[in-house]
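Summary of structural features
Now for the letters of each chain:
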Amino acid sequence: MSNKTYNQLLGENLRRIRESQGLTQNDVAKIINTSRDVIIRIEKGSKNVTVEELFQLAKAYNKTVDELVNNIIKENINIKGIILAGGTGSRLFPVTEGTSKQLMCVYDKPMIYYPLSVLMQAGIKDILIITTPQDQQNFMKLLGDGSKYGINLTYEVQPKPEGLAQAFVIGKKFVGNDPCAMVLGDNIFYGNGLEEELYQASLNAQRGYATIFGYQVKDPERFGIMELDSHSNVLSVEEKPAKPKSDYAISGLYFYPIGVCEKVNLIKPSERGELEITSLNDVYLKEKKLKARVLNEGYTWFDTGTFDSLLEASNMIKTIETNRDSIICCPEKIAYENEWLTKEDIVEAGTAMKNNSYGQYLLKITKKDNKK
């Protein structure tokens, strides 16, 4: 990684793009309706650039956000990823007495594909999957070392579920001295603006901030809850409160900066003997290092831990895919779009599954490229 900060690397790239298009700093300031001083500070790397500003600049330069950041996050900020896929799945007995719930089918793909796709959309290639001892071999049989998705997968065991924050105790060696995102193995996220939200969380992590994602629910007492002010700043976090201060649940996706594994040492087990993720988030809140992204209308979040939520998620995914004639949360497609896999890789994967709609879809996306 470069000794320069992320902001300096981004600023240099933005300056090069501006100069290559023959634009002055005043020109750009007028296009995005800001001052020349803001553009100067952005290009010097002395100003934090929000995702909203990135998208404005992308439009001004007729570029994608990926082209603007020039893979800075992916190449210069080594964000790790964890999927916590342990637990007994007792709410799904008797089905989960014979298999992990994260290996169960949610419409046309295994449940684990959905959280995996979220981390991949965030540009994360190094991912740790934490499983129960008895289920680990089945996960490895399904996913392997990750090479068929253009990523690197490793595995650890959670002997006994003792809280979500336990993932950073088990994954301490894997995380090392890097920022890290964690997603729960039974959570499904979908929305057209999700990639933008993930970008912001990635930026926050490399700047030293943790990020949690809020979603409005009708039964907040069942969830960890975030209390927000009118500007979406976090005022408090609580674990399953009897009298919730808001109806924004903290979903199962978290981004943390360097040092998260050490922060876990600052929290004590709860009354039920678990290292609560809410307690970890509260540490960052007290340090004024906790940010929130609210997933409002246009986003869907499922915690697929019950039979009803599994059915609802499957029905939603079927409807979306039928209407769009596509497959969502497809790791192979994301890897292809990220240029982690070649067209030949996708054709090989699609051919191996050509007798079902999933394989046929992989073959179709490569044929579309041939027509361009």
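A brief structural summary. (Residues numbered from 1 in each chain as written. Predicted model: local features only at pLDDT ≥ 70, side-chain atom pairs only at ≥ 80, totals over all residues. Heavy atoms only, no water.)

**Section: empty space enclosed by the protein**
Within this structure, the stated rule accounts for 1 cavity of 30 Å³ or more. Reported here for the largest cavity is a volume of approximately 40 Å³. Surrounding the largest cavity, Leu14, Val28, Ile39, Ile42, Glu43, Leu57 and Tyr61 form its lining. By residue number, the principal contributor to the lining of the largest cavity is helix H3 (residues 36-44), which donates 3 residues. Of the residues assigned to the lining of the largest cavity, the class counts are 6 nonpolar, no polar and 1 charged. (1 Å grid on protein atoms, 1.4 Å probe; cavity = no way out; pocket = protein on both sides within 12 Å on 5 of 7 lines; lining within 4 Å. Points joined across faces, edges and corners; volume = space filled by probe spheres on them. Helix = DSSP H or I, 4+ residues; strand = E, 2+ residues; numbered from the N terminus. Nonpolar A, V, L, I, M, F, W, Y, C, P; charged D, E, K, R; others polar.)

**A short note on the layout of surface pockets**
Of the volumes computed, that of the second largest pocket is approximately 890 Å³. Lining the second largest pocket are 34 residues, with Arg91, Leu164, Leu184, Lys240 and Asp303 positioned closest to its centre. Those elements giving two or more residues to the lining of the second largest pocket turn out to be strand S11 (248-256), helix H13 (277-286) and strand S13 (299-303). Per-class residue counts for the lining of the second largest pocket are 9 nonpolar, 14 polar and 11 charged.

**Remarks on the pattern of salt bridges**
A complete count under the given rule lists 18 salt bridges for this structure. Glutamate 197 serves as the salt-bridge partner of arginine 293, at 2.6 Å between the closest nitrogen and oxygen. Of this pair, arginine 293 sits in strand S12 (residues 290-294) while glutamate 197 sits in helix H11 (residues 194-206); the two residues are 96 residues apart in sequence, bridging distant segments of the chain. Each member of the pair, arginine 293 as well as glutamate 197, is classed as buried. Among the salt bridges present, the one from lysine 333 reaches glutamate 337, with a minimum N-O distance of 3.8 Å. Here glutamate 337 and lysine 333 lie together in helix H15 (residues 331-337), a separation of 4 residues that amounts to about one turn. The class of glutamate 337 is exposed, set by a relative accessible area of 54%. (Salt bridge = Lys/Arg side-chain N within 4 Å of Asp/Glu carboxyl O. Buried < 20%, exposed > 50% of the residue type's maximum accessible area, 1.4 Å probe, protein only.)

Just geometry here; none of it tells us what the structure is for.
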